[in-house]
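# Descriptive analysis of the structure
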Amino acid sequence: MTTPSYGFSTRAIHAGQEPDPTTGAVVPPIHQVSTYKQDGVGGLRGGYEYSRSANPTRTALEECVAALEAGERGYAFASGLAGEDTVLRALLAPGAHVVVPSDAYGGTYRLFAKVLEPWQARHDVAAVADVDSVRAAIRPETRVVWVETPTNPLLGIADIEAIAEVTHAADALLVVDNTFASPYLQSPIALGADVVVHSTTKYAGGHSDVVGGAVVVAPGATTREGESVAERIGFHQNAMGGVAGPFDSWLVLRGLKTLAVRMERHCDNAETVVDLLTAHPGVTSVLYPGLPEHVNHDVAARQMRRFGGMVSFRVRGGEDVAAKVCGATEIWTLGESLGGVESLIEHPARMTHASVAGTQLEVPGDLVRLSVGIEDVTDLVADLRQALDRLT
Ligand SMILES: *Cc1c(COP(=O)(O)O)cnc(C)c1O
């Protein structure tokens, strides 16, 4: 069941997950297995021969994410970065060029700067909130334009439709990291993206109990040479082997079933937290695409269902105050990562984004990032308020 005509939650709960044909189990079993009995040499049952190549629990997840993103094919990986690396090595070759966002997940930038550069794949940084900046960074060798939206941690918004147009005019492919929005809030393929990547560690899994990645390819996407992007990524997934294991696949499948209800609550709570922050005298600015004063609020309103559960803000008093606020809450847990049911607080400059210090992606020291969870919002607001009242 992959038809996009069903609503989002119907797809999330059923796509790729027919009841088990032998037992009727309504949830796909965890096929914790490496190899499969063949009925005579080459007589595979259902195409399964070895679990790096394919595993039934992983297949269920791959079909589910493809249905949620309305793609041709989905792939599940051991982490978001394993998926990103596989996409990039499937689409680039030495001498190729990538346009990368000036505000991005630090690990993604590290992949471009420290892993792909020595492999002779070059990158230029563009401010993806500005289509002209992307256009200016594209060269004849540009094979991929990489966009993250909303961005991490500055909550910038890229106009996916406009960037897809500029990218396709240069005969390149647009990859969108849809981790922050989740497939529930934003559908990059419908806006022209060729490939969507997710860290399923975040909202897709949603319970901070699994590390994983997913990649979905748009129907009919081809490289400049006319090769199927889906086939190239499928080949590289098996050849490089960074696949999601059966139990991790099962956890992400379970998380996806409640994605829509969780995202609605994340958004509700984030909006209330934003109200507190915008009114607090110790906060100098609030970064949230739902605010009318956000520079690309209109774009966000056009391409997102709601504005998400991630909020960043800057505090009066600079870096030390920001770092202290991060350690002064009780319910908000000081920690990296995001997208789980529990609220997290962190200091990007010293934590998630320490690896981009001194690069074009450096983030301000007075910045605090929140992953707003689904606890009772009155508790979240009171806890954050006491920390800000005391320290700013
Ligand atoms: C976490 C994250 C990644 C990397 O995913 P991992 O699962 O940690 O490998 C990539 N992009 C974004 C936006 C992320 O938040």
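Positions within a chain are numbered from 1, following the residues in the order the chain's sequence is written. At least 70 in pLDDT is required for a residue's local features to be given in this predicted model, at least 80 for side-chain atom pairs to be given and counted, and no such filter applies to totals for whole chains, interfaces and linings, which use all residues. The side-chain numbers reported here are obtained from all heavy atoms of the structure, hydrogens and water having been left aside.

Naming follows an unreviewed UniProt entry, where the protein appears as Cystathionine gamma-synthase of Phycicoccus flavus. Regarding the protein, the relevant UniProt record gives this comment under Cofactor (unreviewed entry): "pyridoxal 5'-phosphate". UniProt positions are given in the numbering used here, feature names are shortened, and annotations may be inferred rather than shown by experiment.

Here we take up the site of the ligand. If even one non-hydrogen atom of a residue comes within 4 Å of a molecule or strand, that residue is called near it. If you check the shell around the ligand, you find 15 residues, and the closest are L81, D177, S199, T201 and K202. Distance and chemistry together define a polar contact, namely a pair of N or O atoms within 3.5 Å, with one atom able to donate a hydrogen and the other to accept it when in protein, and with adjacent residues in sequence counting only for side-chain atoms on both sides. At 2.9 Å, a backbone N or O of L81 approaches an oxygen atom of the ligand. Notes on the ligand: free accessible area 380 Å², of which the protein chains cover 93%. By definition, any uninterrupted DSSP run of H or I lasting at least four residues is a helix, any uninterrupted run of E lasting at least two residues is a strand, and each is numbered from the N terminus. When residues of the shell around the ligand are assigned to their parent elements, the largest contribution, three residues, is made by helix α3 (residues 80-91). The classification used treats Ala, Val, Leu, Ile, Met, Phe, Trp, Tyr, Cys and Pro as nonpolar, Asp, Glu, Lys and Arg as charged, and all other residues, Gly among them, as polar. Tallied by class, the residues present in the shell around the ligand amount to four nonpolar, seven polar and four charged. Values of accessible area rely on a 1.4 Å probe in the Shrake-Rupley scheme; residue burial ignores everything except the protein chains shown.

A separate point is the packing of aromatic side chains. Pairing of aromatic rings covers Phe, Tyr and Trp, the last through its six-membered ring, and needs centres within 6.5 Å; plane angles under 30 degrees mean stacked, over 60 mean edge-to-face, and all others mean tilted. Under the criterion given, the structure shown has five aromatic pairs. Consider the rings of F247 and W250, whose centres lie 6.1 Å apart with planes at 15 degrees: the pair is stacked. Of this pair, F247 and W250 both sit in helix α9 (residues 246-257), three residues apart, which is roughly one turn of that helix. The partly exposed category is assigned to F247, whose relative accessible area is 41%. Summarising the aromatic geometry, the rings of Y288 and F307 are spaced 6.5 Å apart at their centres and angled 70 degrees between planes, so their arrangement reads as edge-to-face. With Y288 in the loop between β8 (283-287) and α11 (297-303) and F307 in the loop between α11 and β9 (310-315), this pair connects stretches of sequence that are 19 residues apart. Of the residues examined, F307 reaches a relative accessible area of 17% and is grouped as buried. A simple rule labels every residue: compare its accessible area, found with a 1.4 Å probe on the protein chains alone, to the largest value its type can have, and call it buried under 20%, exposed over 50%, or partly exposed in between.

Below, the discussion takes up the side chain of D194. Secondary-structure assignment places D194 in the loop between α7 (182-185) and β6 (195-199). No salt bridge is formed by the buried D194. Its closest oppositely charged neighbour is R224, at 11 Å. Among the polar contacts listed, one links the side chain of D194 to the backbone nitrogen of L174, at a separation of 2.8 Å. Any pair of residues with heavy atoms lying within 4.5 Å of one another is described as a contacting pair. Dropping the residues within four chain positions of it, D194 is found in contact with H168, A172, L173, L174, V216, V217, A218 and A221. Here the positive residues are Lys and Arg and the negative ones are Asp and Glu; neither His nor the chain ends is included. Salt-bridge detection follows one rule: a side-chain nitrogen of Lys or Arg within 4 Å of a carboxyl oxygen of Asp or Glu.

For the rest of this paragraph, the subject is the sheet that holds strand β10 (residues 333-334). The strands making up a sheet are joined through hydrogen bonds of the backbone, oriented either antiparallel or parallel. Taking strand neighbours across the sheet as the criterion, the five strands line up as β8-β9-β12-β11-β10 in an open arrangement whose pairing is mixed. With one partner strand each, in any of the chains shown, β8 and β10 form the two edges of the open sheet. Examined bridge by bridge, strand β11 (residues 344-346) and strand β12 (residues 367-371) share three bridges and lie antiparallel to one another. From the neighbouring strand, I345 faces β12, where its bridge partner is L370. What makes two strands pair is DSSP finding at least two bridges between them.

All right, on to the packing of α3 against helix α8 (residues 229-240) then. A fitted line through C-alpha atoms serves as each axis, taken over the contacting stretch for helices, and the angle formed by two N-to-C directions is quoted from 0 to 180°. Where α3 contacts α8, the two axes come as close as 9 Å, and the packing angle between them is 120 degrees. Regarding the angle of α3 to α8, the classification is oblique. In this structure, α3 meets α8 at a crossing whose hand is right-handed. Counted together, D85, T86, V87, R89, A90 and L91 of α3 and V229, R232, I233, H236, Q237 and M240 of α8 form the full contact between these two elements. Convention used here: angles under 35 degrees read as roughly parallel, angles over 145 as roughly antiparallel, angles from 65 to 115 as roughly perpendicular, and any remaining angle as oblique. Should the near helix be turned counterclockwise from the far one by less than a right angle, the crossing is left-handed, whereas a clockwise turn marks it as right-handed.

For the rest of this paragraph, the subject is the UniProt feature "modified residue: N6-(pyridoxal phosphate)lysine" (unreviewed entry) in the protein. As recorded in UniProt, the feature "modified residue: N6-(pyridoxal phosphate)lysine" (unreviewed entry) lies at K202. Sequence-distant contacts of K202, that is, excluding residues within four places in its chain, are made with Y105, T179, S337, L338 and G339.

Moving on, we get to the side chain of R262. Looking at the element boundaries, R262 is found in helix α10 (residues 259-279). Put simply, R262 is tucked away with no salt bridge, and the nearest opposite charge, on E342, sits 8.9 Å away. Aside from chain neighbours lying at most four places away, what touches R262 is Y203, A204, G205, G206, H207, G255, L256, G339, V341 and I374.

On to the environment of A136, then. With respect to the helices and strands, A136 occurs in helix α5 (residues 131-137). A C-alpha to C-alpha distance of 30 Å links A136 and A214, two positions 78 residues apart in sequence.

The next thing to look at is the environment of R139. Within the fold, R139 resides in the loop between α5 and β4 (142-148). Accessibility expressed as a relative area gives 33% for R139, which makes it partly exposed. On a C-alpha basis, the gap between R139 and R385 in space is 48 Å, while along the polypeptide they are 246 residues apart. With residues up to four places along the chain from it excluded, the contact list for R139 reads H97 and D124. Side-chain polar atoms of R139 contact the side chain of E141, separated by 3.0 Å.

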